[in-house]
Amino acid sequence: MNKTKSVGKIALHLLFWVLNYWLFAFVVHSDWNGFNNVSDTNSLAYAYTYGLFTNIFLFYIQVFLLVPKMYMHNKKAMFYVLSFSICIAVSLVETYFDYMLYDVFEIYDTDEFEDNFSITVFVNVFYSVAGFYYILRHAHKKSEKEKQQLIQESFRAELKYLKAQLNPHFLFNGINNVYHLIGKNNALAKDTLLQFSELLRYQLYESGTEIMLKKELDFVLQYIKMEKTRKGSDIQLAYTIEFENAKKKIVPLLLIPIVENAFKHCSNNTNNNDNSIDINIKEIGGKLSLHCANTFDGATGKNAVGGIGLTNVKKRLSIVYPDKHELMIHKKKLMYMVDLIIEL
């Protein structure tokens, strides 16, 4: 790919210089330092042959030598002196050839040497400056590209770390839940462990960089059903999961920490009607919304929302959906609410 791009760039440069010569030597009616392309002899075509080579020389000596070896290494004083000196030296040589060509074509009505020389210097300085700005612009674009690549690599590394962080967090909570069921209700513990193993398999093997929205929502639904089995009548649970476009893609394991947090920190009142969890997930027109609310115990309210899970979600959202999400976490009386909107 890089080789193809290099060949393409060389071809464009060659095309530019060929067109440059063709236009000034043959197409545009020009009179340059006594040479013109109007007469039968077309003396300008001969004069511009070596003139073009000096322009090419001044352009590329900036691109390949002076700027990268001096200007980029903070040898700016030497760079400016040498650049101007080369322009003067090349202009003197070019003017010398001009006067040799005057004799060949018997051109005697030319301007004074100083006028011819100053015009030649002006043109040569122009091509030298053009080479200078060309390589600076190229270096700037390359630097910006490398900077963006570093940022992307940093983001990918952080996402990988955050995802890896979720797995032990989820595993710890799941094992903890099963542990508390053992001895109390072994049949339920067995069923919960089976459901949990399915969820863990999804985390380990099916959650890539991006997955189908349906898969992620199926995972969330399976988790809710597992918790419903475990909690039983201890909580009042209401949930709805709806989507229009199952083929929409989402970053995996983004919703589960919010849902998991609701079950983990739900209140444990003696009156089961006072313990409630409400989960509403919808995708309409590519916009995914999640509303998750749970009651919490007043004494432990400060811990009702937070921990690794939600901190992880915030970081991942800022990386993957920087300008395409809204996350609101608020408390009202003894109810914690999390509202998330993502443009997929």
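Procedures and definitions
Residues numbered from 1 in each chain as written. Predicted model: local features only at pLDDT ≥ 70, side-chain atom pairs only at ≥ 80, totals over all residues. Heavy atoms only, no water. Helix = DSSP H or I, 4+ residues; strand = E, 2+ residues; numbered from the N terminus. Buried < 20%, exposed > 50% of the residue type's maximum accessible area, 1.4 Å probe, protein only. Contact = heavy atoms within 4.5 Å. Areas by Shrake-Rupley, 256 points an atom, 1.4 Å probe, with all protein chains shown as cover. Pairing = 2+ DSSP bridges. Axes fitted to C-alpha atoms, helices over the stretch in contact; angles between N-to-C directions. pLDDT = per-residue confidence, 0-100. Parallel < 35°, antiparallel > 145°, perpendicular 65-115°, else oblique. Nonpolar A, V, L, I, M, F, W, Y, C, P; charged D, E, K, R; others polar. Core = buried A, V, L, I, M, F, W, Y, C linked by side-chain atoms within 4.5 Å. Patch = residues over 30% accessible without salt bridge, like charges linked within 9 Å, V, L, I, M, F, W, Y side chains within 5 Å. Salt bridge = Lys/Arg side-chain N within 4 Å of Asp/Glu carboxyl O.

Engineer: Could you clarify how one ought to interpret the overall build of the protein in this entry?
Structural biologist: Check the secondary structure of the protein and you find 8 helices and 9 strands. A buried classification covers 38% of the 344 residues belonging to the protein. Intrachain contacts of the protein at a sequence separation of at least 6 include 70% that bridge at least 24 residues. Approximately 20400 Å² of the protein is accessible, and the part contributed by carbon and sulfur atoms is 61%.

Engineer: Hey, could you run me through the sheet that holds strand β6 (residues 276-284) in this one?
Structural biologist: A sheet is described by the order of its strands in space; here 5 strands give the open sequence β4-β6-β7-β9-β8, paired in mixed fashion. The sheet is open, and its two borders are formed by β4 (236-243) and β8 (325-332), each paired with just one other strand. On average, adjacent strands in this sheet sit at an angle of 5° to one another, irrespective of strand direction. With 8 bridges connecting them, β8 and strand β9 (residues 335-343) associate as antiparallel partners. Residue pairing for β9: histidine 325 is matched across the bridge by isoleucine 342.

Engineer: Looking at this structure, I do not really get the confidence of the model for the protein. What am I missing?
Structural biologist: Interpretation of this model should avoid reading the predicted coordinates in detail wherever pLDDT is low. Averaged over all residues, the pLDDT of the protein equals 82, while 78% of them reach at least 70. Across the protein, the secondary-structure element scoring lowest on mean pLDDT is helix α5 (residues 186-206), at 68, and the one scoring highest is β6, at 96. This stretch, residues 301-305, has a pLDDT under 50; its non-local contacts, to residues over four places away or in other chains, come to 11 contacts.

Engineer: I would appreciate a short explanation of the packing of helix α6 (residues 213-231) against helix α7 (residues 256-264) in the present structure.
Structural biologist: Each packed pair of helices is defined by two parameters, the angle between the axes and the distance between the axes. At their nearest, the axes of α6 and α7 sit 10 Å apart, and the two run at 10° to each other. Considering the angle they form, α6 stands roughly parallel to α7. Contact residues: Phe219, Val220, Tyr223, Ile224, Glu227 and Lys231 in α6; Ile256, Val259, Glu260 and Phe263 in α7. Each residue belonging to the contact of α6 with α7 can be placed in one class, and the counts come to 7 nonpolar, no polar and 3 charged.

Engineer: Even after reading the chapter, I still don't get the nonpolar core, so can you show me in this structure?
Structural biologist: The tendency in soluble globular proteins is for nonpolar side chains to be buried as a group. Of all hydrophobic cores here, the largest spans 34 residues; its most connected members are Ile258, Phe263 and Ile279. Those elements giving two or more residues to this core turn out to be α6, α7, β6, β7 (287-295), α8 (307-320) and β9. For this core, the leading source of residues is α6, giving 7 residues. With residues up to four places along the chain from it excluded, the contact list for isoleucine 258 reads Leu290, Cys292, Leu310, Val313, Val338 and Leu340. Counting 19 residues, the second largest nonpolar core, distinct from the first, contains Tyr71, Ile86, Tyr127 and Ile135.

Engineer: How do you make sense of unusual backbone geometry when you look at a structure like this?
Structural biologist: As a rule of thumb, non-glycine residues mostly have phi less than zero, and peptide bonds are mostly trans rather than cis. In the Ramachandran plot, asparagine 74 falls in the positive-phi region, its phi being about 60° despite a non-glycine side chain. Mapped onto the secondary structure, asparagine 74 falls in the loop between α2 (43-69) and α3 (76-105). The exposed category is assigned to asparagine 74, whose relative accessible area is 65%. Its identity as a non-glycine residue notwithstanding, leucine 253 has a phi of 60°, on the positive side. Among the structural elements, leucine 253 can be located in the loop between β5 (249-250) and α7. The exposure class assigned to leucine 253 is buried, which follows from its relative accessible area of 0%.

Engineer: Help me understand a nonpolar patch on the surface, please; the structure alone is not making it clear to me.
Structural biologist: Where nonpolar side chains cluster on the molecular surface, the patch consists of Leu12, Leu15, Leu19, Trp22, Leu23, Phe24, Phe26, Val27 and Val28 and spans about 840 Å² of accessible area. The topology assignment puts leucine 12 in helix α1 (residues 2-27). Overall, the relative accessible area of 57% leaves leucine 12 in the exposed class.

Engineer: It is not clear to me how the environment of glutamine 236 should be interpreted in this structure. Could you clarify?
Structural biologist: The residue glutamine 236 is located in strand β4 in this model. Using a relative accessible area of 37% as the deciding quantity, one classes glutamine 236 as partly exposed. Sequence spacing of glutamine 236 and aspartate 278 is 42 residues, and the spatial spacing of their C-alpha atoms is 8.3 Å. Residues in contact with glutamine 236, not counting those within four places in the same chain, are Asn272, Asn273, Asn275, Ser276 and Ile277.

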